[in-house]
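Analysis of the macromolecular model
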Amino acid sequence: MSPVQKVVLISLADNANDSGVCWPSIATIGKRCCTSGRAVQNAIKWLEAAGIVTANRANGRHTSYEITPASYAPPQEMHPRTTCTPAPDAPPQEMRGTPAGDAPPPRSICGGPPHQMPSNRKEPSKEPSLNHQPARQSPRVSLHSKIRQSETPDWLPGDAWSMWCEHREAKSKDAPWTQAAATVSIRRLGKLRDLGHDAAACIEEAVLRGWTGLFPPRAGASGGGVSQAPAPGWWKTTSGIESRATQLGVQQKDGEAFMRFKARVVKAAGPGEWMEDMLREQARFKDGTYDALYSYFNEVPREQLQAEVA
């Protein structure tokens, strides 16, 4: 069959009931087969001539079709072979096989199963494949896994460090979680421990408050030891930062850039939303500004951090 004849037959079969009868219009078949009405009519004529489809006409038009594939006989060479062609010097076929009475007769004249059409299916190899490779992880996932498995001091509980890594990984869009940030975190926890603070308690405090930095657990004071409450959102405006600097006793130096002045004010104010907001703002830049600011807030010299990471 041609492709059009095949697709028309499939369309008729899709519409047919259990008896093989259907009555779609030429236009419907053409729309389903994406072909013209003339091509559909020619295909149906061929299917009728081959005995696959019987068209019942009414008033000179095709009104219903009956699919009768059993009456279709494909060319003889398409059937599987049922006999074997012996070699020129082979004995007569009736002399081959087991003697009568000793065993059941062979399944075919040749003593074996009828010849079947070869299959294109390839059986899978039973030998183990030597090309097995572990699934590759994305660079970020690989880095996070490496940081989690990095060596930590004996005084730092493993579950607390895993909690901190998971928290920072979740905030990696706002604050990059890098090997440098992990090194700063461990050093910061060491300094807090030397001051008498529990490392696990500091991590829990930071996770609870959504911080990306580590600071001593606080009872809720606003930082700086100043009794006057700061204005809400003071870190978002220049006037608010200057007012907060006055409260904290921080003065802007001659020729000092405003961002440096703001960083000193934010650090003097202590941990809080203002510090997280400034870290998020610097995380947009890819020039190492975030690592430098994170080191400054955590009181770790940048030169020492770079030496440890290297």
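Since the model is a prediction, treat every value here as computed from it, not as a measurement.

**Describing helix α11 (residues 289-297)**
For α11, every residue scored as buried is listed here: Tyr 290, Leu 293, Tyr 294, Ser 295 and Phe 297. Within two residues after α11, Glu 299 carries a phi angle of roughly 60°, on the positive side.

**Remarks on the pattern of salt bridges**
For the structure on display, the rule yields 5 salt bridges. Between Arg 148 and Glu 169 there is a salt bridge, with its nearest N and O atoms 3.0 Å apart. Of this pair, Arg 148 sits in helix α4 (residues 139-148) while Glu 169 sits in helix α5 (residues 158-170); the two residues are 21 residues apart in sequence, bridging distant segments of the chain. According to the relative accessible area criterion, Arg 148 is partly exposed, its value standing at 36%. Taking the shortest distance from any N to any O, the salt bridge between Glu 256 and Arg 264 comes out at 2.9 Å. Here Glu 256 falls in the buried class, since its relative accessible area comes to 16%.

**Description of empty space enclosed by the protein**
Summed over all chains, the structure comprises 1 cavity of 30 Å³ or more. Within this model, the largest cavity holds a volume of roughly 40 Å³. In terms of lining residues, the largest cavity is bounded by Lys 171, Asp 174, Ala 175, Thr 212, Glu 276, Leu 279 and Arg 280. Tallied by class, the residues present in the lining of the largest cavity amount to 2 nonpolar, 1 polar and 4 charged.

**Considerations on the packing of helix α9 (residues 258-269) against helix α10 (residues 273-282)**
When two helices pack together, their arrangement is given by the angle between the helix axes and by the axis-to-axis distance. In the contact formed by α9 and α10, the axes pass within 9 Å of each other and the chain directions differ by 145°. Crossing hand, α9 versus α10: left-handed. Two secondary-structure elements touch here, α9 through Met 259, Lys 262, Ala 263, Val 266, Lys 267 and Ala 269 and α10 through Trp 274, Met 275, Met 278, Glu 281 and Gln 282. Taken together, the residues of the contact of α9 with α10 break down into 7 nonpolar, 1 polar and 3 charged.

**Some details on the side chain of Gln 5**
For Gln 5, the position within the fold is in helix α1 (residues 3-15). Look at Gln 5 and you get buried, because its relative accessible area is 14%. Separated by 2.9 Å, the side chain of Gln 5 and the backbone nitrogen of Ser 2 make a polar contact. Once residues lying within four places of it in the same chain are set aside, the contact partners of Gln 5 are Ala 43, Trp 46 and Leu 47.

**Describing the nonpolar core**
By size, the foremost hydrophobic cluster in this structure holds 42 residues, and its most contacted members are Trp 161, Trp 164, Trp 177, Trp 234 and Val 265. Listed by contribution, the elements that provide at least two residues to this core are α5, α6 (179-194), α7 (199-209), α8 (238-248), α9, α10 and α11. Among the elements that line this core, the one with the most residues is α6, at 6 residues. The residues touching Trp 177, leaving out its near neighbours within four places in the chain, are Leu 143, His 144, Ile 147, Trp 161, Trp 164, Cys 165, Arg 168, Glu 169, Ser 172, Ala 182 and Ser 185. In terms of nonpolar packing, the next biggest core, distinct from the first, is built from 15 residues, Cys 22, Val 40, Ala 43 and Ile 67 among them.

Cut-off values and rules
Residues numbered from 1 in each chain as written. Predicted model: local features only at pLDDT ≥ 70, side-chain atom pairs only at ≥ 80, totals over all residues. Heavy atoms only, no water. Buried < 20%, exposed > 50% of the residue type's maximum accessible area, 1.4 Å probe, protein only. Helix = DSSP H or I, 4+ residues; strand = E, 2+ residues; numbered from the N terminus. Salt bridge = Lys/Arg side-chain N within 4 Å of Asp/Glu carboxyl O. 1 Å grid on protein atoms, 1.4 Å probe; cavity = no way out; pocket = protein on both sides within 12 Å on 5 of 7 lines; lining within 4 Å. Points joined across faces, edges and corners; volume = space filled by probe spheres on them. Nonpolar A, V, L, I, M, F, W, Y, C, P; charged D, E, K, R; others polar. Axes fitted to C-alpha atoms, helices over the stretch in contact; angles between N-to-C directions. Left-handed = near helix turned anticlockwise from the far one by under 90°. Contact = heavy atoms within 4.5 Å. Polar contact = N/O pair within 3.5 Å; in protein donor to acceptor, adjacent residues only side chain to side chain. Core = buried A, V, L, I, M, F, W, Y, C linked by side-chain atoms within 4.5 Å.

By themselves these figures say nothing about function.
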